[in-house]
Amino acid sequence: QLALRGLPFEANVDEICSWLSGLGVDATPANVTLCRTKRRYNGRATVHMGTHLQAMAAAESLHLSKFGHRYVEAYFRAIELRTHSSVEDRHFGAWD
């Protein structure tokens, strides 16, 4: 997965996909998940990529790219298969 932080709060999935494709990353609205805190978008998103290599390459090329007036941080985030989700996963704790 590709994790993004620092997106404008008002950015929607279509705008994020357009921004990603402009930077050479193939993303569709079905692959982008906006994250929320207390029902409000928090400037974070997860992009489900085809392979780990694609996600790592995208993170490297996107890190600190500008989206409007904001710099966006991009990280590769490995997916662990679990039988239950932890509180940390639900709250996007990998950023801490």
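Relevant structure appears above.
Below is a short write-up of the structure. Treat the numbers as computed from the prediction; the structure is a model and nothing was measured.

### Focus on the sheet that holds strand 4 (residues 65-67)
- Here we have 5 strands laid out as an open sheet, ordered 2-3-1-5-4, and antiparallel in their pairing. Across the chains shown, the open sheet's two edge strands, defined by having one partner strand only, are strand 2 (32-37) and strand 4. For this sheet, the mean angle separating the axes of adjacent strands, direction not counted, is 35°.
- Summarising the sheet, strand 4 and strand 5 (residues 70-76) pair through 3 bridges and their orientation is antiparallel. Following the sheet pairing, Phe67 is matched in strand 5 by Arg70.
- Across the face of the sheet, helix 2 (residues 52-62) comes into contact with strand 1 (2-5), strand 4 and strand 5 while running at roughly 150° to strand 5.

### A short note on the pattern of salt bridges
- Evaluation of the coordinates by the stated rule reveals 1 salt bridge.
- The residue Arg5 makes a salt bridge to Glu73 at a minimum N-O spacing of 2.7 Å. One end of the pair, Arg5, is in strand 1; the other, Glu73, is in strand 5, and 68 residues separate them in sequence.
- Classification of Arg5 by relative accessible area gives partly exposed; the value is 22%.
- Using a relative accessible area of 22% as the deciding quantity, one classes Glu73 as partly exposed.

### Section: the nonpolar core
- Among the nonpolar cores identified, the biggest contains 22 residues, and Leu2, Leu4, Ile16, Leu20 and Leu62 are the most heavily contacted of them.
- In this structure Leu62 touches Leu2, Leu4, Trp19, Leu20, Leu23, Val25, Val72 and Ala74, once residues within four positions along its chain are discounted.

### Describing unusual backbone geometry
- In this model, Lys38 sits at a positive phi of 50°, which is unusual for a non-glycine residue.
- Relative to the helices and strands, Lys38 resides in the loop between strand 2 and strand 3 (40-47).
- One non-glycine residue, Leu64, lies in the positive phi region at around 65°.
- One can find Leu64 in the loop between helix 2 and strand 4.

### Considering helix 2
- Every buried residue of helix 2 is listed here: Ala55, Ala58, Ala59 and Leu62. Across the axial projection of helix 2, the buried residues extend over an arc of 100°, all falling on one side. Of the exposed residues in helix 2, those oriented more than 90 degrees away from the buried face are Leu53 and Glu60.

### Quick word on a nonpolar patch on the surface
- There is a patch of nonpolar side chains on the surface, built from Leu53, Met56 and Phe76 and spanning about 290 Å² of accessible area.
- Inspection of the secondary structure puts Leu53 in helix 2.

What counts as what
Residues numbered from 1 in each chain as written. Predicted model: local features only at pLDDT ≥ 70, side-chain atom pairs only at ≥ 80, totals over all residues. Heavy atoms only, no water. Pairing = 2+ DSSP bridges. Helix = DSSP H or I, 4+ residues; strand = E, 2+ residues; numbered from the N terminus. Axes fitted to C-alpha atoms, helices over the stretch in contact; angles between N-to-C directions. Contact = heavy atoms within 4.5 Å. Salt bridge = Lys/Arg side-chain N within 4 Å of Asp/Glu carboxyl O. Buried < 20%, exposed > 50% of the residue type's maximum accessible area, 1.4 Å probe, protein only. Core = buried A, V, L, I, M, F, W, Y, C linked by side-chain atoms within 4.5 Å. Arc of directions from axis to C-beta. Patch = residues over 30% accessible without salt bridge, like charges linked within 9 Å, V, L, I, M, F, W, Y side chains within 5 Å. Areas by Shrake-Rupley, 256 points an atom, 1.4 Å probe, with all protein chains shown as cover.

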